[in-house]
Amino acid sequence: MVDTVVTRLGSTIATSAIVSVFIVGVLAGCSSPAPTSSSGSGSGSGSGSAGVAAAAAALKPYLTTKVPKPVGQPFNATAASGKVVEVIDLSGANPAVAAVSQSARTALTHVGAVVQRCDASGVAVNVAGCINQGISQSVKAIIVIGGDPKVYSQGIDAAKAKNIPVISALDFPTQTEVKASGVDASPLDADTALVSGNAAPPDALSGTLAADFIASDSKGKAKVLFISSPGIVGSDYVDKAFRVELKKRCPDCSIVSAGVAITSWASDLGAVVSSKLAQNPDINYVVPVFDPMAAYTNPAISQAGKSSSVKVVTVNGSLQQMQALSRGELIAAEIGQNLPEMGLNAADQALRYVVGAPVVKEATPAIRVFTSKNIGSITVAAENYATGEWYTGSPDALTKTYYAHWGK
């Protein structure tokens, strides 16, 4: 087993090095490489103006804030007081992992649970060692933030033998969400069967909404450069869902594809963009699958003299890219994912096992689509992001809602 980790990036970018990360898996076998040839998106049911209108309608509910809605019935978390829950961070230095972890740990502490932390130091196979540490200390539940469960399956098996649930967060989308996007969810069977719960990233929906934005914004006349990152589970599902939706909404749109592994982002992304723009001068949208890639793709777009003719649409809602959007710098839309809510979902799933409440197997956080038209409605600062305020409209809406859900 190769133990080099592949990651999905967080919000802090160092342009001279590989970027900080947030969905983690193993280099070999996590997802199939994206095609690199140009291809039209074909004809679909949402042809012409009807497809554009349908795309705009599909986007509308995701342009505003939402009241948080925890999954499952409310329960009393009082019995969790004094019980130990282990929170394993794939990498505590990773901004996105840190955001989910902080949210989960704060919530667990609020209900009186005792939090035990373990840092896997960025290597997914180290998670099994952290799990074994938790088992030895008789923890009541384990949350793993980042890392493909197949890589640490031996640790999961050991926890199961002691009736300790293992909750995955921030790694792979739910089968329910993937199926809803029209994409085959069967590759997720193995991971889903391994874990007791999945506080998941909404990757398939993110891809769908990115396609809806482009179909609507371009009035059905887009030529898209889509850049995936082979080896990252989430990239595969953003990519697939994007293609399904663009084909449906925009039969006159086309896609030029490229794939750059995370280990080559710093060295190759700029060159790939430059080459594709030169070969396809009519490209008018560039979609780096996750927004930290924009640190490398955006300069290449500018250097090609395409700043006024190419728009960037991407996924995550990382602080640096949201700041670029607010300044009107190339990024036209961000499909933001509420990571603090993901931490609360992970805590919710763990607490249900600890107190014997009805189990919730999967949950995804809110998505909000940010554009030049609504970016002014938020304060683009780290503290506002950390509370989930960008998505709820209030700095305490998430915690109030979830704490009330737990009777606390």
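Predicted model only: the values in this text are computed from it and were never measured.

Peer 1: Hey, could you run me through the overall build of the protein in this one?
Peer 2: Of the regular secondary structure elements, the protein holds 15 helices and 15 strands. Buried residues in the protein amount to 58% of all 408 residues. Contacts spanning at least 24 positions in sequence make up 78% of the contacts within the protein whose residues lie at least 6 apart.

Peer 1: Which parts of the structure should I look at to understand the state of the cysteines?
Peer 2: Any covalent bond linking the sulfur atoms of two cysteines counts as a disulfide. Within the structure shown, the criterion is met by two disulfides. Each disulfide pairs two cysteine sulfurs, and for cysteine 118 the partner residue is cysteine 130, the sulfurs being separated by 2.1 Å. An S-S torsion of about -65 degrees defines the bridge between cysteine 118 and cysteine 130 as left-handed. Taken together, the positions of cysteine 118 in strand β5 (residues 114-119) and cysteine 130 in helix α3 (residues 126-136) put the pair twelve residues apart, joining distant regions of the chain. Taking relative accessible area as the criterion, cysteine 118 reaches 12% and is therefore assigned buried. Owing to a relative accessible area of 4%, cysteine 130 belongs among the buried residues under this scheme. The side chain of cysteine 250 participates in a disulfide bridge whose partner is cysteine 253; the two sulfur atoms lie 1.7 Å from each other. On the S-S bond that ties cysteine 250 to cysteine 253, the torsion sits near 55 degrees, and the link is right-handed. Among the cysteines of the protein that take part in disulfides, numbered as they appear in the sequence, the pairing is 1-2, 3-4.

Peer 1: Mind showing me how you'd approach the nonpolar core here?
Peer 2: Within soluble globular proteins, side chains that are nonpolar tend to cluster in buried spots. Membership of the largest hydrophobic core comes to 94 residues, with the highest contact counts inside it found for Ile214, Val224, Phe242, Leu246, Trp390 and Trp406. The element contributing the most residues to this core is helix α12 (residues 339-355), with eight residues. Excluding residues within four positions of it along the chain, tryptophan 406 makes contact with Phe75, Asn76, Ala77, Ala107, Val111, Leu344, Ala347, Asp348 and Leu351. With 30 residues, the next largest nonpolar core counts Ala128, Tyr152, Leu194 and Val195 among its residues.

Peer 1: Looking at this structure, I do not really get the confidence of the model for the protein. What am I missing?
Peer 2: Detailed conclusions should not be drawn from predicted coordinates in areas where pLDDT is low. Mean pLDDT over the protein: 89, with 88% of residues reaching 70 or higher. Taken as a whole, residues 1-45 scores under 50 in pLDDT and shows 143 contacts with residues more than four places along the chain or in a different chain.

Peer 1: Help me out: how do you make sense of the pairing of strand β10 (residues 254-259) in this one?
Peer 2: Looking along a regular strand, one sees side chains alternate from face to face of the sheet. The buried fraction of β10 is high, at five of six residues. Both strand β9 (residues 223-228) and β10 contribute to a ladder of six bridges, which runs parallel. Within the sheet, the bridge partner assigned to lysine 223 lies in β10 and is serine 254. Handedness of the β-α-β unit built from β9, helix α8 (residues 233-249) and β10 comes out right-handed.

Peer 1: Explain the sheet that holds strand β6 (residues 141-145) to me, please; I cannot follow it from the model alone.
Peer 2: By way of backbone hydrogen bonds, the strands of a sheet pair with one another, either parallel or antiparallel. Here six strands make up an open sheet; going across it, the order is β5-β4-β6-β7-β8-β14 and the pairing parallel. Each having just a single partner strand, β5 and β14 (362-363) make up the two edges of the open sheet. Pairing of strand β4 (residues 84-89) with β5, which is carried by six bridges, proceeds in the parallel orientation. Note that in β5 the partner of isoleucine 88 across the bridge is cysteine 118. Where α3 meets the sheet, its contacts fall on β4, β5 and β6, and the angle it forms with β4 comes to roughly 170 degrees.

Peer 1: How should the packing of aromatic side chains be read in this particular structure?
Peer 2: One pair of aromatic rings is described through two measures. These are the centre distance and the angle between the planes. Under the counting rule described, the total for this entry stands at six aromatic pairs. Taking 5.0 Å as the distance between ring centres and 45 degrees as the angle between the ring planes, the aromatic pair formed by phenylalanine 226 and phenylalanine 242 counts as tilted. Within this pair, whereas phenylalanine 226 is found in strand β9, its partner phenylalanine 242 is found in helix α8, the two being separated by 16 residues in sequence. With a centroid separation of 6.0 Å and an interplanar angle of 40 degrees, the aromatic rings of tyrosine 403 and tryptophan 406 are classed as tilted. Cluster of aromatic residues (ring-pair linked, three or more members): Phe370, Tyr385, Trp390 and Tyr391. We note lysine 240 situated over the ring of tyrosine 237; from NZ or CZ to the ring centre the distance is 5.5 Å. In this structure, arginine 243 is placed above the aromatic ring of phenylalanine 226, and the distance from its NZ or CZ to the ring centre is 5.7 Å.

Peer 1: Please clarify how helix α7 (residues 203-217) should be interpreted in this entry.
Peer 2: For the α-helix, the turn length of 3.6 residues means that residues three or four positions removed from each other point alike. With 15 residues, α7 extends 21 Å between its outermost C-alpha atoms, agreeing within 8% with the 21 Å of an ideal straight helix rising 1.5 Å per residue. Across the 15 residues that make up α7, a large majority, 13, are buried. Taken from the residues just after α7, lysine 219 is the one with a positive phi, measuring 55 degrees.

Peer 1: Even after reading the chapter, I still don't get helix α2 (residues 95-110), so can you show me in this structure?
Peer 2: Given a rise of 1.5 Å per residue, 16 residues ought to cover 22 Å, and the 22 Å separating the end C-alpha atoms of α2 matches this to within 8%. Buried residues of α2: Ala96, Val97, Ala99, Val100, Ser101, Ser103, Ala104, Arg105, Ala107 and Leu108, and no others. Contacts made by the buried residues of α2 are with β4, β5, β6, β7 (166-169), α12 and α15 (397-405). Positive backbone phi, at 95 degrees, marks glycine 112, one or two positions downstream of α2.

Peer 1: Can you walk me through the packing of α2 against α12 in this structure?
Peer 2: Each pair of packed helices can be summarised by the angle the axes make with each other and by the distance between the axes. Two numbers describe how α2 lies on α12: the axes approach to 7 Å, and their chain directions differ by 45 degrees. Classed by the angle they form, the pair α2 and α12 counts as oblique. Judged by the sense of rotation from one axis to the other, the crossing of α2 with α12 is right-handed. In this structure, α2 uses Ala96, Ala99, Val100, Ser103, Ala104, Ala107 and Leu108 to contact α12, whose residues at the interface are Leu339, Pro340, Met342, Gly343, Leu344, Ala347 and Leu351. Partitioned by chemical class, the residues of the contact of α2 with α12 number twelve nonpolar, two polar and no charged.

Conventions we followed
Residues numbered from 1 in each chain as written. Predicted model: local features only at pLDDT ≥ 70, side-chain atom pairs only at ≥ 80, totals over all residues. Heavy atoms only, no water. Helix = DSSP H or I, 4+ residues; strand = E, 2+ residues; numbered from the N terminus. Buried < 20%, exposed > 50% of the residue type's maximum accessible area, 1.4 Å probe, protein only. Contact = heavy atoms within 4.5 Å. Disulfide = S-S within 2.5 Å. Core = buried A, V, L, I, M, F, W, Y, C linked by side-chain atoms within 4.5 Å. pLDDT = per-residue confidence, 0-100. Pairing = 2+ DSSP bridges. Right-handed = clockwise from strand over helix to strand, strands pointing away. Axes fitted to C-alpha atoms, helices over the stretch in contact; angles between N-to-C directions. Phe/Tyr/Trp six-rings, centres within 6.5 Å; stacked < 30°, edge-to-face > 60°. Lys NZ or Arg CZ within 6 Å of the ring centre and 35° of its normal. Expected span 1.5 Å × (residues − 1). Parallel < 35°, antiparallel > 145°, perpendicular 65-115°, else oblique. Left-handed = near helix turned anticlockwise from the far one by under 90°. Nonpolar A, V, L, I, M, F, W, Y, C, P; charged D, E, K, R; others polar.

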